[in-house]
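Single-letter residue listing:
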Amino acid sequence: MVTHLQTLAIPDALRAQLAAENLLAINSHGQEVLHGLDFAESQLLVECTEASPDDAARRERCAELVVKHERARLRIATVDDERTASKF
């Protein structure tokens, strides 16, 4: 049983934007995450969004996380579209 929600360390304005775009989720561990990413990956991607990393390896990791997150979003959108289309 989850008793405490672990939220990402993100500014309120960014949280509101992510929530409005339905990009946030709660995983089975009670952690706020970006779709398709675990908590640590989500936090890193948020940090990269706020300020581009100086380190090339970190920038590359952030780019990989963007792709992973976008793939998860597309899978979710596809499932939703298929469910919606079946109603018509």
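Everything that follows concerns the structure shown earlier in this document.
**Points about the layout of surface pockets**
Leftover empty space is mapped by rolling, across the atoms, a probe with the size of a water molecule.
And step 1. Of the volumes computed, that of the largest pocket is approximately 150 Å³.
And step 2. Mapped onto the lining of the largest pocket, the elements with two or more residues apiece are helix H1 (12-20), helix H2 (39-50) and helix H3 (56-85).
And step 3. Considering only residue class, the lining of the largest pocket consists of six nonpolar, three polar and three charged.

**Points about the state of the cysteines**
What we call a disulfide is simply a covalent bond connecting the sulfur atoms of a pair of cysteines.
And step 1. As enumerated under the stated definition, the model contains one disulfide in all.
And step 2. In this model, Cys48 is linked to Cys62 through a disulfide, with the two sulfur atoms separated by 1.6 Å. You can see Cys48 sitting in helix H2 and its partner Cys62 sitting in helix H3, a full 14 residues away along the chain. Taken as a pair, Cys48 and Cys62 share a single burial class, namely buried.

**Some points on the nonpolar core**
And step 1. Formed by 16 residues in total, the largest nonpolar core has its most connected members in Leu8, Ile10, Leu18, Leu34 and Val46.
And step 2. Sorting the residues of this core by element identifies H1, strand E2 (32-34), H2 and H3 as the ones contributing at least two each.
And step 3. A total of five residues in this core trace back to one element, the largest contributor, which is H2.
And step 4. Leaving out residues up to four positions away in the same chain, Leu18 has contacts with Ile10, Leu23, Leu24 and Leu34.

**Thoughts on the environment of Leu45**
And step 1. With respect to the helices and strands, the residue Leu45 is situated in helix H2.
And step 2. For the pair formed by Leu45 and Arg61, sequence separation is 16 residues and the distance between their alpha carbons is 8.8 Å.
And step 3. In this structure Leu45 touches Leu34, Leu37, Cys62, Leu65, Val66 and His69, once residues within four positions along its chain are discounted.

**Quick notes on the pattern of salt bridges**
And step 1. One pass over the structure, following the stated rule, counts six salt bridges.
And step 2. For Arg15, the salt bridge goes to Glu32, with nearest N and O atoms at 2.5 Å. Taken together, the residues Arg15 in helix H1 and Glu32 in strand E2 connect sequence positions 17 residues apart.
And step 3. A salt bridge links Glu70 to Arg73; the nearest nitrogen and oxygen atoms lie 3.0 Å apart. With a gap of three residues between them, Glu70 and Arg73 both fall in helix H3, about one helical turn apart.
And step 4. Taken together, the salt bridges that share partners define one network made up of Glu41, Arg61, Glu64 and Lys68.

Basis of the calculations
- Residues numbered from 1 in each chain as written.
- Predicted model: local features only at pLDDT ≥ 70, side-chain atom pairs only at ≥ 80, totals over all residues.
- Heavy atoms only, no water.
- 1 Å grid on protein atoms, 1.4 Å probe; cavity = no way out; pocket = protein on both sides within 12 Å on 5 of 7 lines; lining within 4 Å.
- Points joined across faces, edges and corners; volume = space filled by probe spheres on them.
- Helix = DSSP H or I, 4+ residues; strand = E, 2+ residues; numbered from the N terminus.
- Nonpolar A, V, L, I, M, F, W, Y, C, P; charged D, E, K, R; others polar.
- Disulfide = S-S within 2.5 Å.
- Buried < 20%, exposed > 50% of the residue type's maximum accessible area, 1.4 Å probe, protein only.
- Core = buried A, V, L, I, M, F, W, Y, C linked by side-chain atoms within 4.5 Å.
- Contact = heavy atoms within 4.5 Å.
- Salt bridge = Lys/Arg side-chain N within 4 Å of Asp/Glu carboxyl O.

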